[in-house]
Amino acid sequence: MRLLLVEDDEILGDGLVAGLKMEGYAVDWLTNGKLADEALKINSYELIVLDLNLPDMDGMDILRALRARKDETPVMVLTAKDTVPDRVLGLDSGADDFVIKPFELDEVCARLRALARRNEGRSVPHIEHKGVILEPASHQITYMGEKVELSQKEFEILSFLMSNIGRVVSRARLEESLYSWNSDIESNTVEVHIHYLRKKLDAALIRTVRGVGYIIDSDDDA
């Protein structure tokens, strides 16, 4: 899951990037508000973590501009301002959640999972489909009741496809979601991971739509 972090505190940003990557997020990190606004105009993200006090462009202005473009990407605001008027202003401007500094990484990750879950229209913390149960919090997979060991990227690809059941996902969209800026991506990386997922799970679970991408069919399409 690709995430944009906008935070100008170098120490805090370093810690967040390291922790979020350990959780499986592909993180793009910017420290400048204007650059963040430009990045959001041309890149797609599943989640945004946004500080408010930024150089060149305030985080609240970034948020308002994002929503003015009809971009509904979930936004978690990081702020040191723990007052009701500040939270009300942020929520009314389009924020989906607030985390008050200082914070614990575990809480940030739990709140991000909740934002992703709501954005996908799920009320339960796991995703279950055709015998596969995916647990985002613990990064565990079971298939027909048996635990399955996946690599980090295999898990991320399966998670993305299972979050888009019934929809074709292109290889380019998978790469965009799984890799941050400046990542080295071999031309057949996604195909290799799909191959191993099919070996470890049901070979028919992930279907190739030739010339378009990959899909996990819904029960209605089975």
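Here, the structure is the one placed above.
None of these values were measured; they are calculated from a predicted model.

## Details of the nonpolar core
Ranked by size, the top nonpolar core spans 25 residues in total, and within it Val132, Ile141, Leu158, Leu161, Leu174, Leu201 and Ile206 carry the most contacts. No other element matches helix 6 (residues 152-162), which puts six residues into this core. With residues near it in sequence (within four places) discarded, Leu158 still touches Val132, Leu134, Ile141, Leu150, Leu197, Leu201, Leu205 and Ile216. Membership of the second largest hydrophobic core comes to 20 residues, among which are Val6, Leu50, Leu54 and Val75.

## Considering helix 5 (residues 105-119)
Over its 15 residues, helix 5 runs 21 Å from end to end, which matches the ideal 21 Å to within 8%, given 1.5 Å per residue. Listed as buried for helix 5 are Val108, Cys109, Leu112, Ala114, Leu115 and Ala116. Residues of helix 5 that are buried make contact with strand 1 (2-6), helix 1 (10-22), strand 3 (47-51), strand 4 (75-79) and strand 5 (97-100).

## A few points about the packing of helix 6 against helix 8 (residues 189-200)
At a minimum axis separation of 10 Å, helix 6 and helix 8 run at an interaxial angle of 85°. In terms of their interaxial angle, helix 6 and helix 8 are classed as roughly perpendicular. Facing helix 6, whose interface residues are Lys153, Glu154, Ile157, Leu158 and Leu161, helix 8 presents Val190, His193, Ile194, Tyr196, Leu197 and Lys200.

Rules used throughout
- Just so you know, the residues in each chain are numbered from 1, in the order the chain's sequence is written.
- With pLDDT at 70 or above as the cut-off, local features in this predicted model cover only qualifying residues; side-chain atom pairs require 80 or more to be listed or tallied, and sums for whole chains, interfaces and linings still use all residues.
- Note: side-chain values were computed over all heavy atoms of the structure, leaving out hydrogens and water.
- Nine residue types can take part in a nonpolar core, namely buried Ala, Val, Leu, Ile, Met, Phe, Trp, Tyr and Cys, and a core is a set of them joined through side-chain atoms within 4.5 Å.
- The rule is simple: take the accessible area with a 1.4 Å probe, protein chains only, and divide by the maximum for that residue type; under 20% is buried, over 50% is exposed, in between is partly exposed.
- Elements are defined by DSSP. Helices are runs of H or I of four residues or more, strands are runs of E of two residues or more, and each kind is numbered from the N terminus.
- Contact criterion: two residues are considered in contact whenever any of their non-hydrogen atoms come within 4.5 Å of each other.
- Expected span of a helix, by definition, is 1.5 Å for each gap between consecutive residues, and there is one gap fewer than residues.
- A fitted line through C-alpha atoms represents every axis, and for helices the fit uses only the stretch in contact; the resulting angles, taken between N-to-C directions, go from 0 to 180 degrees.
- Orientation categories follow fixed angle ranges, with anything under 35 degrees roughly parallel, anything over 145 roughly antiparallel, 65 to 115 roughly perpendicular, and all other angles oblique.

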